[in-house]
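# Chain and residue survey
Spelled out, the chains give:
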Amino acid sequence: MSSLQSNVLENHTPTGREEAWRFTPLKRLGGIHDGSATAVERNSLAINGSLPTGVTFSHQEIEAVTETDDVIVNRIRAFTSKGAVLSIAANAEIAEPIMLNRASFGTDSAEFSRVLIKAGNHSKSVVVIENSGDTHLAEDLEIVLEPGAHLTLIALQEWDSKTIHAARHHAIVDRDATFKSIVVTVGGDVVRLLPTVDFIAPGASCDLSGVYFATAGQFFEHRMFVDHKVPNAKSRVNYKGALAGDKAHTVWIGDVFIRAAAEGTDTYELNRNLLLSDGARADSVPNLEIETGEIVGAGHASTTGRFDDEQLFYLMSRGIAMDDARRLVVRGFFNEIVSEIGIDSIQERIMTRIDGELEKAGK
Amino acid sequence: MSTLEIRGLKVSVETEQGSIEILKGVDLTIKSGETHAIMGPNGSGKSTLAYSIAGHPKYTITEGTVTLDGADVLEMTVDERAKAGLFLAMQYPVEVPGVSVSNFLRTAATALRGEAPKLREWVGEVKSAMESLKMDASFAQRNVNEGFSGGEKKRHEIMQLELLKPKFAILDETDSGLDVDALRIVSEGVVRAKAANNHGILLITHYTRILRYIKPDFVHVFANGRIVEEGGPELADKLEANGYAEYVTA
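Residues numbered from 1 in each chain as written. Chains lettered and ligands numbered in written order. Predicted model: local features only at pLDDT ≥ 70, side-chain atom pairs only at ≥ 80, totals over all residues. Heavy atoms only, no water.

Turning to the overall build of chain B, a few remarks are in order. For chain B, the helix and strand inventory stands at eight helices and 12 strands. Computed over C-alpha atoms, the radius of gyration of chain B comes to 18 Å, within 12% of the 18 Å expected from 2.2 N^0.38 for 250 residues, which places it in the range of a compact globule. Dimensions of chain B, computed from C-alpha atoms along their principal axes, come out at roughly 55 × 40 × 40 Å. Across the 250 residues that make up chain B, the buried fraction comes to 52%. In chain B, the share of contacts with a sequence separation of at least 24, taken over all contacts with a separation of at least 6, comes to 70%. (Helix = DSSP H or I, 4+ residues; strand = E, 2+ residues; numbered from the N terminus. Rg over C-alpha atoms; globule rule 2.2 N^0.38 Å. Buried < 20%, exposed > 50% of the residue type's maximum accessible area, 1.4 Å probe, protein only. Contact = heavy atoms within 4.5 Å.)

Quick look at the structure:
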């Protein structure tokens with residue numbers, strides 16, 4: 001089966017010459033990718049609070065749902081057969097968000113972690129994973145949406161400054177199911193996240209959105225792959241990032257593949273970056289490959305810009321000081337996506353963190 | 001009683017063709033409670049005057065002074081000018097995505113008053129300002145100027161004038177793009193704000209129709225970067241009849 005060239009992970013220890021690895025600073029991955037990391041058998045993912053009726057969570061033997069050519073995921077699977085499994089029962093409508101978090105274990109060893117989230121037939125739920133502290137984490141997260149399921153997965157990377165986190169969040173979306181993913185990456189040394197979506201039946205849809213803010217020296221990579229291989233599926237991607245400080249580096253790759261069978265596909269992806277200082281670098285690569293013309297729509301856009309002087313002037317002409325004006329503009333920039341989280345306390349926490357990142361970056 | 005004094009103001013903009021002088025020596029004194037209309041053809045530098053006083057970074061002051069009660073306005077940052085009492089109602093108000101009108105107004109009021117306005121009183125203030133400008137309550141939750149019609153943008157500017165209570169209001173072509181009803185509502189807002197705060201007004205316009213609602217005490221004709229004629233309200237009538245032809249043929 002053909003595949004998108006840029007998404008071939010080649011399943012061997014990367015050298016950095018591969019398209020899928022060329023931006024990633026391999027030397028800073030703590031050996032997660034090449035087998036030299038000190039992997040430990042633990043799974044730090046835990047339920048925070050009580051489990052609602054219709055939801056189960058356990059650590060158990062686990063089977064991979066899909067195969068992958070991602071070398072890190074395959075190292076995780078080779079290392080451990082256990083994982084965390086979260087199941088939402090068929091037809092369950094879970095009103096409150098299901099809160100998961102990870103304890104951090106420091107950076108002497110690396111956690112190789114498998115996770116499976118199963119959203120049952122016509123279930124409806126919101127799952128939040130809160131990541132904080134300092135850790136080395138290689139994560140193989142599979143998400144299965146059965147027909148008609150609605151699942152929102154909110155993954156928060158509020159790491160401290162030493163964390164190395166490489167993850168694949170792979171969603172398998174069945175007929176008429178809706179997968180919504182919100183990724184927030186505002187901390188860590190190196191974060192490489194692969195939100196990928198596999199549509200396996202018509203009528204499925206996904207909405208992948210995210211925000212990231214990298215300051216001096218941080219590397220954050222978000223690499224989507226949406227595989228339209230069935231008819232009448234819909235995908236939306238919207239990521240927004242800000243960068244400030246020397247050698248802040250972000251990478252956004254938006255791979256969308258519309259295969260010959262995927263008639264009626266509707267897809268649009270967008271990435272916007274706000275460069276807040278010199279010395280920062282934002283790579284943004286939308287990549288659309290289309291094998292059929294019988295589609296509803298396919299498009300992408302990518303922009304990278306600086307503060308809009310007219311916006312700052314307008315705000316300052318109303319007495320708002322420069323720093324406050326910048327903060328308002330940055331909050332406004334991220335608000336479109338952060339407000340989608342729908343949990344006030346988390347939204348305010350993220351915005352406060354973003355304020356802090358902006359302040360840390362100075363002028 | 002406050003005085004805004006402009007003396008010998010010369011202003012340039014940098015372009016790819018080099019520096020171009022737009023204002024060629026402007027003298028103007030405005031006192032509290034006075035309404036000065038600046039009228040002139042397009043491209044005469046009226047808006048440059050407005051933006052230069054407000055401190056837009058695009059304009060370089062090459063000569064002259066602007067003082068507010070003796071304080072050097074040109075030394076102030078943009079926000080300091082607002083805090084000193086200057087307000088510019090813009091011809092093309094800027095969109096600020098993701099920032100709600102309500103958040104914006106409260107942030108501005110907090111900055112200008114030096115403390116956050118008490119929530120209950122503030123909500124009442126905003127509500128009454130919006131009602132008198134015939135703005136729907138949902139307006140406060142929309143993002144600043146985003147997707148606003150031309151009329152909504154101007155109402156939003158004048159709502160800020162009412163709420164922020166400056167010493168001097170510069171209204172840059174506030175009448176442009178307004179239909180008759182909107183022009184009346186917006187003008188009434190200006191008159192109401194002036195009655196409440198007795199601020200001075202620098203009203204920049206191309207047309208005389210707004211002067212039916214906002215009566216000027218002084219009219220200044222602006223052409224080619226300077227004031228070329230001054231008079232009372234009767235000067236506006238003359239412009240209405242004759243246009244600007246006699247000032248631009250040189």
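Taken residue by residue, the interface counts 33 residues in chain B and 16 residues in chain A. Summing both partners gives a buried area of about 1900 Å² for chain B against chain A, and 70% of it is carried by carbon and sulfur. Scanning the region where chain B abuts chain A turns up one salt bridge. Note that R318 of chain A and E157 of chain B form a salt bridge whose closest N and O atoms lie 2.7 Å from each other. Of all elements in the fold, only α1 (46–54), α2 (78–84), β6 (86–89), β7 (96–100), α3 (101–113) and α5 (150–164) of chain B reach the threshold of two or more residues within the side of chain B that touches chain A. Top element by residues in the side of chain B that touches chain A is α3 of chain B. It accounts for six residues. Classifying every residue of the side of chain B that touches chain A gives 21 nonpolar, eight polar and four charged. (Buried area = accessible area lost by both parts, 1.4 Å probe. Salt bridge = Lys/Arg side-chain N within 4 Å of Asp/Glu carboxyl O. Nonpolar A, V, L, I, M, F, W, Y, C, P; charged D, E, K, R; others polar.)

Below, the discussion takes up the packing of α3 of chain B against α5 of chain B. All names here are of chain B. Where α3 contacts α5, the axes come no closer than 11 Å and their chain directions differ by 35°. Of the two possible hands of crossing, α3 and α5 adopt the one that is right-handed. Facing V101, F104, L105, A108, A109, L112 and R113 of α3, the residues of α5 in contact are H156, M159, Q160, L163 and L164. Residue composition of the contact of α3 with α5, by class: nine nonpolar, two polar and one charged. (Axes fitted to C-alpha atoms, helices over the stretch in contact; angles between N-to-C directions. Left-handed = near helix turned anticlockwise from the far one by under 90°.)

This part is about the pairing of strand β4 (residues 59–68) of chain B. All names here are of chain B. Sheet analysis places strand β1 (residues 3–15) next to β4, joined by eight bridges and oriented antiparallel. Directly across from S12, in β4, lies its bridge partner T60. Sheet topology places β4 next to strand β5 (residues 71–72); two bridges connect them, and they run antiparallel. Its bridge partner being in β5, L68 is matched across the sheet by A71. Turn length for the β4-β5 hairpin, with the two strands adjacent in sequence and antiparallel, is two residues, and the turn residue D69 shows positive phi of about 50°. (Pairing = 2+ DSSP bridges.)

The next thing to look at is the sheet that holds strand β12 (residues 226–231) of chain B. The strands making up a sheet associate through hydrogen bonds between their backbones, and the pairing can be parallel or antiparallel. Residues and elements named next belong to chain B. Here we have six strands laid out as an open sheet, ordered β6-β9-β10-β3-β11-β12, and mixed in their pairing. Each edge of the sheet is formed by a strand with only one pairing partner; in this case those strands are β6 and β12. Taking the axes of each pair of neighbouring strands and ignoring which way they run, one obtains an average angle of 20° across the sheet. In this structure, β6 lies alongside strand β9 (residues 168–172), joined through four bridges in parallel fashion. Each residue of the ladder has a partner; that of L86, found in β9, is F168. Against the sheet, α5 makes contact with β6 and β9, and its axis sits at roughly 165° relative to β6, the strand it touches most.

All names here are of chain A. On the secondary structure map, T68 appears in the loop between β3 (55–61) and α1 (71–79). Side-chain polar atoms of T68 contact the backbone nitrogen of D70, separated by 2.9 Å. Among residues more than four places away in sequence, those in contact with T68 are V73, N74, R77 and R168. (Polar contact = N/O pair within 3.5 Å; in protein donor to acceptor, adjacent residues only side chain to side chain.)

A few words now on the packing of helix α4 (residues 119–132) of chain B against α5 of chain B. Residues and elements named next belong to chain B. Direction vectors running N to C along α4 and α5 enclose 140°, while the axes themselves pass 10 Å from each other. Looking at the two axes, α4 sits oblique to α5. The handedness of the crossing between α4 and α5 comes out as right-handed. Here W122, E125, V126, A129, M130 and S132 of α4 come into contact with α5, specifically with M159, E162 and L163. For the contact of α4 with α5, a count of residues per class yields six nonpolar, one polar and two charged. (Parallel < 35°, antiparallel > 145°, perpendicular 65-115°, else oblique.)

In this section: the pattern of salt bridges. Residues and elements named next belong to chain A. With the rule as written, the count across this model stands at 39 salt bridges over all chains. Its salt-bridge partner being D278, residue R306 comes within 3.2 Å of it at the nearest N-O pair. Here R306 is found in the loop between β19 (297–305) and α2 (309–316), whereas its partner D278 is found in the loop between β17 (266–275) and β18 (281–290), with 28 residues between them in sequence. A single salt-bridge network, built from bridges that share partners, covers R42, R102, E111 and E139.

The next subject is the sheet that holds β5 of chain B. Strand order in this open sheet of four strands is β2-β1-β4-β5 (chain B), and the pairing throughout is antiparallel. This sheet does not close on itself; its edge strands, each paired only once, are β2 (18–31) and β5 of chain B.

Per the counting criterion, the structure on display carries three cavities of 30 Å³ or more. Estimated volume of the largest cavity: approximately 60 Å³. Forming the boundary of the largest cavity are S317 of chain A together with I53, A54, V78, R81, A82, L86, F87, L88 and I170 of chain B. Broken down by secondary-structure element, the contributors of at least two residues to the lining of the largest cavity are α1, α2 and β6 of chain B. Partitioning the lining of the largest cavity into residue classes produces eight nonpolar, one polar and one charged. Approximately 40 Å³ is the volume found for the second largest cavity. If you trace the second largest cavity, you find it lined by D70, I72, V73, A166, A167, R168, R192 and L194 of chain A. Every element with two or more residues in the lining of the second largest cavity is listed here: α1, β10 (164–173) and β12 (190–199) of chain A. When residues in the lining of the second largest cavity are grouped by element, the largest group, three residues, is from β10 of chain A. Looking at side-chain class alone, the lining of the second largest cavity contains five nonpolar, no polar and three charged residues. (1 Å grid on protein atoms, 1.4 Å probe; cavity = no way out; pocket = protein on both sides within 12 Å on 5 of 7 lines; lining within 4 Å. Points joined across faces, edges and corners; volume = space filled by probe spheres on them.)

So far we have only geometry, and geometry alone does not tell us how the molecule works.
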